Amino acid sequence: MSEQEQRLIHGQWSSRMAFILAASGSAIGLGNIWKFPYLVGENGGGAFVLIYMLCVVMLGVPIMMAETLLGRKGRRSPVNTLLNLARQAGAGRLWGQVGWLGVVAGFLILSYYSVIAGWSLAYIFKMSSGFMNQVDAEKARTAFLALQGSPELQFIWHSLFMIATVSIVSRGVNRGLEAATRYLMPLLFIMILALDLFALGSEGAGQGLSFLFKPDFSRLSGESLMIALGQAFFSLGLGMGAIMMYGSYLPDGVSITRASLIVAGADTLIALLAGVAIFPIVFTHHLAPGMGPGLIFETLPIAFGKMPAGHLFGTIFFVLVFFAAITSAIALIEPTVAWLYENRGMSRESASLWSGLACWLVGLGTIQSFSDPLHWRIGDKSLFEWLDFVTAELMLPIGGILIAVFAGWVLSAETTAGELALGSRYRLWRFAIRYLAPLGVGLILLRGVGGM
Ligand code: PFF
């Protein structure tokens, strides 16, 4: 297929900005606002944050560059991109399986992501009803547990979120998405800053900040390193072909390095600011930092309840969280959809519909595992925890290793150097992608799995 034909099928981003917006839309989502704070809380605070940031800088950024580069070279869905590039480089067809790993990971992540996004949809309405006014910790907890314990309510919100995702994805990737990210992400940033200001004025601010930023390695559990690594992949949206997908729309001549640094920087900043908003509230109200996935839903309503016009701000905040979640959901399902219409001759509409439907079905299991936690356990984890563990902590990092090996060892140095146009700093990237990333991620995985 010529580049011209490929462009007609996939469209191409109008500019570097469009790529940055789409990649940030994929990166910034529930991972930053919902997951990062509760993982920090469960894993003892500052030391976890430090390790997380090291993972982002040393492993995440080079892999993000590699993934974008592969996408731009291949200009297909991840499965076909890897197959084609492997063929051109004289490597085996097995590389296509890496694309598959990503398709499955994205699909499984979206199945539970949609349930959590459904919680934020529910909170839009809770907030706008104003019932959070002057809510205390006890009431905030009861309200959250009522939602988590209700399969019916979660069914409705999960379904609505999936319908929204499918209707956007079926219209193609360029339309609407750019505009939403361009205006709504900066707004989300401003809302989080406002929450930060509020949190910093609270009694528990000092304690919250030192929990978040003062590393205490004795609080780190054995598994924490692996969780931090998995979260870096999850939050940056790496290791499953989403960024590869977006890279395939990126015009030649745009600096992949700069784009990756901007995306990773914005993603990390939002996660940290979300932490700054939440932990002061946790300590002011003597809540447990390690309470798990309900953390933001049990803390933020207290803050909004105490703010002037809190119900308005609370409503806007959860609307923005919903948009952040939907731009990530689109990235999660896109590799599946692209594969279906490239290989199975489906139209974009039916590809989106079928993948959305299948994902929605799997999501029902997660709803059950939240509302009936005692029965939906396998070994020491609930179904939700298993899905999260297998995807974020195993599949994404393994995908990341394979992408690094492919970019560092299968593709020639001329090819990657030409794409990255890094000058003398190219050697640094090449070292990171050939040695640091595969060995670093591999060792953390081995240690995590071995020590479990
Ligand atoms: N990065 C998204 C978040 O932090 O919510 C989740 C995600 C999107 C993961 C896209 C993986 C992905 F490919």
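The structure this text deals with has already been given above.
Residues numbered from 1 in each chain as written. Predicted model: local features only at pLDDT ≥ 70, side-chain atom pairs only at ≥ 80, totals over all residues. Heavy atoms only, no water.

J.: I'd like a description of the overall build of the chain, backed by residues and values.
T.: Regarding its fold elements, the chain presents 19 helices and two strands. Expected size for 452 residues packed as a compact globule is a radius of gyration near 22 Å; at 21 Å, the chain falls within 12% of this value. Viewed in the frame of its principal axes, the chain has a C-alpha envelope of about 65 × 45 × 45 Å. With 452 residues in all, the chain has 61% of them scored as buried. Surface exposure of the chain reaches about 17200 Å², of which carbon and sulfur atoms provide 66%. Each charge sign in the chain was given a centre, from 28 positive and 25 negative side chains, and these centres are 8 Å apart. (Helix = DSSP H or I, 4+ residues; strand = E, 2+ residues; numbered from the N terminus. Rg over C-alpha atoms; globule rule 2.2 N^0.38 Å. Buried < 20%, exposed > 50% of the residue type's maximum accessible area, 1.4 Å probe, protein only. Areas by Shrake-Rupley, 256 points an atom, 1.4 Å probe, with all protein chains shown as cover. Lys, Arg positive; Asp, Glu negative; His and termini not counted. Charge placed at Lys NZ, Arg CZ, Asp CG, Glu CD.)

J.: Residues and numbers for empty space enclosed by the protein, please.
T.: Tallied over the entire structure, the rule returns four cavities of 30 Å³ or more. In this structure, the largest cavity occupies an estimated 150 Å³ of space. What lines the largest cavity is a set of 20 residues, among which Ser-26, Phe-234, Gly-237, Ser-328 and Leu-332 lie closest to the centre. The residue makeup of the lining of the largest cavity, split by class, is 13 nonpolar, seven polar and no charged. (1 Å grid on protein atoms, 1.4 Å probe; cavity = no way out; pocket = protein on both sides within 12 Å on 5 of 7 lines; lining within 4 Å. Points joined across faces, edges and corners; volume = space filled by probe spheres on them. Nonpolar A, V, L, I, M, F, W, Y, C, P; charged D, E, K, R; others polar.)

J.: If you had to explain unusual backbone geometry to someone new, which residues and values would you point to?
T.: Of note in this structure, Arg-75 is not a glycine but carries a positive phi near 50°. One non-glycine residue with positive phi stands out, namely Ala-309, at about 55°. The topology assignment puts Ala-309 in the loop between α14 (295-306) and α15 (310-343).

J.: Quick rundown of the nonpolar core? Include the residues and the values.
T.: Among the nonpolar cores identified, the biggest contains 157 residues, and Trp-34, Leu-70, Trp-119, Leu-188, Phe-317 and Trp-429 are the most heavily contacted of them. Apart from residues lying up to four places away in sequence, Trp-429 is in contact with Pro-62, Met-65, Ala-66, Leu-69, Ala-407, Thr-416, Leu-420 and Leu-422. (Core = buried A, V, L, I, M, F, W, Y, C linked by side-chain atoms within 4.5 Å. Contact = heavy atoms within 4.5 Å.)

J.: How would you summarise the site of the ligand if you had to cite specific residues and measurements?
T.: Around the ligand there are 14 residues in total, and Ser-26, Ala-27, Gly-31, Tyr-113 and Phe-234 lie nearest to it. Between the ligand and Asn-32, the relevant distance is 3.4 Å, taken from an oxygen atom to a side-chain nitrogen or oxygen of the residue. Here the ligand loses 100% of its free accessible area of 340 Å² to cover by the protein chains. Judged by the proximity of its atoms to the pocket grid, the ligand belongs to the largest cavity. Only α2 (16-27), α3 (30-42), α11 (224-236) and α15 provide two or more residues apiece to the shell around the ligand. Tallying contributions element by element places α3 first for the shell around the ligand, with three residues. (Near = heavy atom within 4 Å. Polar contact = N/O pair within 3.5 Å; in protein donor to acceptor, adjacent residues only side chain to side chain. Sits in = over half its atoms within 2 Å of the grid points.)

J.: I'd like to hear about the pattern of salt bridges, residue by residue, with values.
T.: Between side chains of opposite charge, pairing is possible as soon as their charged atoms come close. Under the defined criterion, the tally for this structure stands at eight salt bridges. Between Glu-298 and Arg-141 there is a salt bridge, with the nearest N and O atoms lying 2.9 Å from each other. Of the two residues, Glu-298 is situated in helix α14 and Arg-141 in helix α7 (residues 137-148); the sequence distance between them amounts to 157 residues. In this structure Arg-141 comes out as partly exposed when scored by relative accessible area, which is 38%. One salt bridge connects Asp-216 with Arg-219, and the closest N-O pair in it is separated by 3.7 Å. With relative accessibility at 29%, the residue Asp-216 sits in the partly exposed group. A cluster of three or more residues bridged by salt bridges with shared partners is formed by Arg-72, Lys-73, Arg-75, Asp-252 and Glu-419. (Salt bridge = Lys/Arg side-chain N within 4 Å of Asp/Glu carboxyl O.)

J.: Any chance you could break down the packing of aromatic side chains for me, citing the residues and the numbers?
T.: When we look at a pair of aromatic rings, we describe it by the centre distance and by the angle of the planes. Considering all chains together, one arrives at 27 aromatic pairs under this definition. Measuring from centroid to centroid gives 5.0 Å for Phe-211 and Phe-279, while their planes differ by 45°, and the two rings are tilted. Taken together, the positions of Phe-211 in helix α10 (residues 205-213) and Phe-279 in helix α13 (residues 256-284) put the pair 68 residues apart, joining distant regions of the chain. Classification of Phe-211 by relative accessible area gives buried; the value is 7%. Every member of this aromatic cluster is reached through a ring pair, and the members are Trp-34, Tyr-38, Tyr-112, Trp-119, Tyr-123, Phe-144, Phe-297, Phe-304, Phe-317, Phe-318, Phe-370 and Phe-384. The side chain of Lys-381 reaches across the aromatic face of Trp-386, ending 5.3 Å from its centre. (Phe/Tyr/Trp six-rings, centres within 6.5 Å; stacked < 30°, edge-to-face > 60°. Lys NZ or Arg CZ within 6 Å of the ring centre and 35° of its normal.)

On their own, these measurements won't tell you what the molecule is for.
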